[in-house]
Amino acid sequence: QVHLVESGGGLVQPGGSLRLSCAASGSIFSINAMGWYRQAPGKQRELVATITSGGRTNYADSVKGRFTISRDNAKNTGYLQMNSLKPEDTAVYSCNADVTTYSRFRNDYWGQGTQVTVSS
């Protein structure tokens, strides 16, 4: 079994910064791609950013230049540094990981989500 736990969300003023973390634990042989998604009230979940095992990144246009995704493979942890936050960034942010377990089973796993609220 694999578990993802996000942390780092909270309330921040417009223009502020937050750093989200996603710690993966369990029977992990390797983590392939990791990603961050968000869902605002009344809206569909949308991709924020992804990063491959080799470090290749991809961002939604709405966050390019403001957000940075990274990962620490030794710690099985992913990060999302969010700068210049805007009220429209308010959402529940969830981590996703494409994991291969020690039994060579490969599957997508999700964290429980962490709330980010940008408001003055």
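As shown above, the structure is provided for reference.
Model, not experiment: these values are computed from the prediction.

The subject of this paragraph is the environment of valine 48. Mapped onto the elements, valine 48 comes out in strand E5 (residues 46-51). When its relative accessible area of 1% is taken as the criterion, valine 48 is described as buried. Placed eleven residues apart in sequence, valine 48 and tyrosine 37 show a C-alpha to C-alpha distance of 5.0 Å. In this structure valine 48 touches Trp36, Tyr37, Arg38, Asn58, Tyr59, Ala60, Val63, Phe67, Leu80 and Tyr93, once residues within four positions along its chain are discounted.

Further remarks concern the environment of arginine 45. Structurally, arginine 45 is set in the loop between strand E4 (28-39) and E5. Judged by relative accessible area, which is 48%, arginine 45 ranks as partly exposed. In this structure, the C-alpha to C-alpha distance between arginine 45 and serine 94, residues 49 residues apart in sequence, is 9.4 Å. Apart from residues no more than four positions distant in its own chain, arginine 45 is found in contact with Tyr37, Arg38, Gln39 and Trp110.

Turning next to the sheet that holds strand E7 (residues 67-72). The strand order across the open sheet built from four strands is E1-E3-E8-E7, with neighbouring strands paired in antiparallel fashion. At either margin of the open sheet sits one strand with a lone partner, and together these are strand E1 (2-7) and E7. Strand-to-strand twist of the sheet, defined as the mean angle between neighbouring strand axes without regard to direction, takes the value 15 degrees. Across six bridges, the pairing between E1 and strand E3 (residues 18-26) is antiparallel. Each residue of the ladder has a partner; that of leucine 4, found in E3, is alanine 24.

On to the packing of aromatic side chains. Two measures describe an aromatic ring pair: the distance that separates the ring centres and the angle between the ring planes. Enumeration according to the criterion identifies two aromatic pairs in this entry. A ring pair is formed by phenylalanine 29 and tyrosine 102, whose centres lie 6.1 Å apart and whose planes are at 75 degrees; its orientation type is edge-to-face. You can see phenylalanine 29 sitting in strand E4 and its partner tyrosine 102 sitting in the loop between strand E9 (91-101) and strand E10 (106-110), a full 73 residues away along the chain. For tyrosine 102, a relative accessible area of 54% translates into the label exposed. The cationic tip of arginine 19 hangs over the ring face of tyrosine 79; the distance from NZ or CZ to the ring centre is 4.0 Å. Its end group placed over the ring of tryptophan 110, arginine 45 keeps NZ or CZ at 4.0 Å from the ring centre.

Conventions used here
Starting afresh in each chain, residues are numbered from 1 along the sequence in its written order. Only residues with pLDDT of at least 70 get local features here, since the model is predicted, and only at 80 or more are side-chain atom pairs given and counted; chain-wide, interface and lining totals rely on the full set of residues. Side-chain measures here rest on the full set of heavy atoms in the structure, leaving out hydrogens and waters. In this description a helix means any DSSP run of H or I spanning at least four residues, a strand means any run of E spanning at least two, and both kinds are numbered starting from the N terminus. Burial classification: accessible surface area is computed with a 1.4 Å probe over protein chains only, and a residue below 20% of its type maximum counts as buried, one above 50% as exposed, and the rest as partly exposed. Two residues form a contact once any of their heavy atoms are found within 4.5 Å. For two strands to count as paired, DSSP must find a minimum of two bridges between them. Angles run from 0 to 180 degrees between N-to-C directions of axes, and those axes are lines fitted to C-alpha atoms, restricted for helices to the stretch in contact. Two rings from Phe, Tyr or Trp (for Trp, the six-membered ring) form a pair when their centres sit within 6.5 Å of each other. Planes less than 30 degrees apart are called stacked, planes more than 60 degrees apart edge-to-face, and all others tilted. A ring is scored as having a charge over it whenever the NZ atom of a lysine or the CZ atom of an arginine sits within 6 Å of its centre and within 35 degrees of its normal.

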